[in-house]
Amino acid sequence: MDGSVDETFTLEYKAAFLTLSCRVDNEDKKKTCKRDGSPHSPSRVLHVRQIPNGVTEEEVISLGLPFGKVTNLLMLKGRSQAFLEMASEEAAVSMMNYYTPTTPHLRHQPVYIQYSHHRELKTDDLPNQARAQAALQAVDAEQSANQVTESAISADGGVHPDQGSVLRVIVENLFCPVTLETLHQIFSRFGFVVKIITFTKNNQFQALLQYADPGNAFHAKMALDGQNIYSTCCTLRVDFSRLTSLKVKYNNDKSRDFTRFDLPSGNGQPFLEPSMPPAYGTQNIIFPSYSGSVGFVPAVGFAQGAVPVVPGALGSPAVITPAPSGHMTVPAATGVPGNSVLLVSNLNPEAITPDGLFILFGVYGDVHRVKIMFKKKENALVQMADANQAQLAINYLNGQRLYGRILRATFSKHRTVQLPCEGQEGQELTKDYSNSPLHRFKKPGSKSYQNIFPPCDTLHLANIPPSVTVDYLKNLFASAGSTVKAFRFLPKDSKMALIRLACVEEALHALIELHNYDLGDNHHLRVSFSRCSM
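Residues numbered from 1 in each chain as written. Predicted model: local features only at pLDDT ≥ 70, side-chain atom pairs only at ≥ 80, totals over all residues. Heavy atoms only, no water.

Observations concerning the overall build of the protein chain
1) Next: Helices and strands together make up the secondary structure of the protein chain, namely 10 helices and 27 strands.
2) Next: Across the 534 residues in the protein chain, those meeting the buried criterion constitute 53%. (Helix = DSSP H or I, 4+ residues; strand = E, 2+ residues; numbered from the N terminus. Buried < 20%, exposed > 50% of the residue type's maximum accessible area, 1.4 Å probe, protein only.)

In structure tokens, the structure reads:
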């Protein structure tokens, strides 16, 4: 569903919308045979597909705002599509570079973006454009208002965005892990982060961070300076850097250029898939609401990593409320506040088991209980350790294909999963995993918090004994129904390896089947999603 689909109409066609829709049908048929052709060349007009029902013009515009000014919009709501025009081709390229490896979401559903054949949108003579134009005008008004506000702040001795787009960040009271991904999570709430370089100086963890827009840097500094990343620790000290631009040579765990995915990893740990934040959900990470340079809160939720995966950050703007010690807090998770129980639906009853759900959802948190409904076995309840882990599981697993069906995950109305009485019919469908030794996050500060990534076709294997060969592992995955596309041991540690399978669904199946597989010599295979595809 996420393959390239050519755009479906001619914008220069100045006739009634009904006639234009007919033309959409004709071009759909013509372009079906060309999906294997070369991708469109860069254009400032972008084609957005598979937009969920009910999404507003403002929400679609929010997709482009972090990258520059949105100058026009055409919504085709009956076809779940839209065309978005950016002010420049450079802004559109930045947007595509950002969204190509990291699928954006609107109202928790993935949407797909590609370049349009058209170089500009001509919508003056098209009907039903009033709402789109009103939304664009509202954004422009907010931009103008914020420019006035910033000028007033500057006149009063405040910091003006013209001071630059590069920020210097120092993290004080560093008692919890803070990484490049942590900073990207937080600062992306204020606009498109172009580059980050982290380093240690004077025994302090520091970073240089460059925004695409100086206004974004200004608002990030004003909102984050003096705030804590976690409760009572990891205080941010944010100021403008004297540098006007950053030079990044390598994409790894120390530095990143989010517009250059072709850079080598150097001597650091490679990060080929950008914008994949680790989730410190169980450690009370605190984020501000977006209040970007245009004062326009994005309704887009990047469930696969582009913005923080925290309650309140998806689908609707979070509301900042005052908190002690300089903290900023966000509302509880959507659905039932503080709830840790998930309703998982559209499962394949012939294939799914409580153990399978425990292993799968255990990638994103510690699963305490699982209950498959006795009368509707395509539905299940999964109780996580806390609401943050539950939200994380929704962000990463909702919409994934599992055993031939699209898995749906949301918060349940139930606050706990009840265990059945002894001898009750179907009691084998409910299991308690509270004391399972397979929990990945039970140890505070565990490295598992730094290795949470979205489902992908490449799996990370660990705890491999020296006696196990490449052929043995390939045959093991093949016996589980996987098609092995590539395999390699990690050069610095032969106990770990990467294996790429035919698709993400196969990787999900293999993780469920082979995590904790007994390899002998008192070694059980550890399987998780890789941070990058091979």
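Let's talk about the environment of Ala486
1) Next: By the element assignment, Ala486 lies in strand S23 (residues 484-490).
2) Next: For Ala486 and Leu501, which are 15 residues apart along the polypeptide, the C-alpha to C-alpha distance reads 7.2 Å.
3) Next: Here Ala486 is in contact with Leu498, Ile499, Arg500 and Met534, once residues within four sequence places are set aside. (Contact = heavy atoms within 4.5 Å.)

Description of the confidence of the model for the protein chain
1) Next: The pLDDT averaged across the protein chain works out to 75; a share of 73% of its residues lies at or above 70.
2) Next: Here strand S13 (residues 321-322) stands out as the least confident element of the protein chain, with mean pLDDT 28; helix H7 (residues 354-361) is the most confident, with 96.
3) Next: Long-range and interchain partners of residues 1-38, a stretch whose pLDDT sits below 50, account for 67 contacts in this model, where long-range means more than four residues apart.
4) Next: Residue range residues 270-337 is modelled with pLDDT below 50. Its contacts to residues more than four positions away, or to other chains, number 221 contacts. (pLDDT = per-residue confidence, 0-100.)

Quick look at the sheet that holds strand S11 (residues 233-240)
1) Next: Taking strand neighbours across the sheet as the criterion, the 6 strands line up as S10-S11-S7-S9-S8-S12 in an open arrangement whose pairing is antiparallel. The sheet terminates laterally at strand S10 (228-230) and strand S12 (255-257), the two strands that pair on one side only. Strand-to-strand twist across the sheet, computed as the mean angle between neighbouring axes with direction ignored, equals 25 degrees.
2) Next: Strand direction decides the pairing type here: strand S7 (residues 166-172) and strand S9 (residues 204-211), joined by 6 bridges, are antiparallel. Bridge assignment links Val169 to a residue of S9, and that residue is Ala207.
3) Next: Its contacts with the sheet put helix H5 (residues 180-187) on S7, strand S8 (193-201), S9, S10, S11 and S12, and the angle it makes with S8 is roughly 135 degrees.
4) Next: Packed on one face of the sheet, helix H6 (residues 214-224) meets S7, S9 and S11 and runs near 140 degrees to S11. (Pairing = 2+ DSSP bridges. Axes fitted to C-alpha atoms, helices over the stretch in contact; angles between N-to-C directions.)

Focus on unusual backbone geometry
1) Next: Of note in the backbone geometry, Asn463 takes a positive phi value of approximately 65 degrees without being a glycine.
2) Next: Inspection of the secondary structure puts Asn463 in the loop between strand S22 (458-462) and helix H9 (470-479).

Comments concerning the nonpolar core
1) Next: Residues Val60, Leu73, Met86, Met95, Phe187, Tyr211 and Leu236 are the most contacted members of the largest nonpolar core, which totals 58 residues.
2) Next: Excluding anything up to four places from it in sequence, Leu73 contacts Glu57, Val60, Ile61, Ala82, Phe83, Leu84, Leu121, Gln129, Ala132 and Leu136.
3) Next: Counting residues in each nonpolar core, the second largest holds 54 residues, with Ile394, Leu402, Phe487 and Leu519 among its members. (Core = buried A, V, L, I, M, F, W, Y, C linked by side-chain atoms within 4.5 Å.)

Notes on helix H10 (residues 504-514)
1) Next: Taken across its 11 residues, H10 has 9 buried, putting it largely inside the fold.
2) Next: Of the residues making up H10, those classed as buried are Glu505, Glu506, Ala507, Leu508, His509, Ala510, Leu511, Ile512 and Leu514.
3) Next: Among the structural elements, H7, strand S18 (401-402), S22, H9, strand S24 (493-501) and strand S27 (526-529) are those in contact with the buried residues of H10.
4) Next: Of the residues flanking the end of H10, it is Asn516, one or two places downstream, whose phi is positive at about 75 degrees.

As for the pattern of salt bridges
A side chain of one charge can pair with a side chain of the opposite charge if their charged atoms are brought near each other.
1) Next: Per the stated rule, a full pass over the model turns up 8 salt bridges.
2) Next: Notably, a salt bridge pairs Arg237 with Glu172, separated by 3.1 Å at the nearest N-O pair. Of this pair, Arg237 sits in strand S11 while Glu172 sits in strand S7, and the two are 65 residues apart along the sequence.
3) Next: Its relative accessible area of 37% is what places Arg237 among the partly exposed residues.
4) Next: Residue classification places Glu172 among the partly exposed residues on the basis of a relative accessible area of 26%.
5) Next: The salt bridge involving Lys431 is made with Asp355; its shortest N-O contact spans 3.4 Å. Remark: Asp355 occurs in helix H7 and Lys431 occurs in strand S21 (residues 430-432); sequence separation between them is 76 residues.
6) Next: By sharing partners, the salt bridges in this structure join Glu57, Lys77 and Arg131 into a single network. (Salt bridge = Lys/Arg side-chain N within 4 Å of Asp/Glu carboxyl O.)

A look at the packing of H7 against H10
What describes two packed helices is the angle between their axes and the distance between those same axes.
1) Next: Direction vectors running N to C along H7 and H10 enclose 110 degrees, while the axes themselves pass 9 Å from each other. Of the possible angle classes, the one that applies to H7 and H10 is roughly perpendicular. The two elements H7 and H10 cross, and the hand of that crossing is right-handed. Contact with H7, carried on its side by Gly356, Ile359 and Leu360, involves Leu508, Leu511 and Ile512 of H10 and no other residues of that element. (Parallel < 35°, antiparallel > 145°, perpendicular 65-115°, else oblique. Left-handed = near helix turned anticlockwise from the far one by under 90°.)

Overview of the sheet that holds S22
In sheet architecture, strand pairing relies on hydrogen bonds along the backbone and comes in two forms, parallel and antiparallel.
1) Next: Taking strand neighbours across the sheet as the criterion, the 4 strands line up as S23-S24-S22-S27 in an open arrangement whose pairing is antiparallel. Whereas interior strands pair on both sides, the edge strands pair on one side only; in this sheet they are S23 and S27. Shown here is a sheet whose adjacent strand axes are inclined to one another by a mean of 25 degrees, direction ignored.
2) Next: In this sheet, S24 lies alongside S23 in antiparallel orientation, the contact comprising 6 bridges. Across the sheet, Val484 pairs through a bridge with Leu501, a residue of S24.

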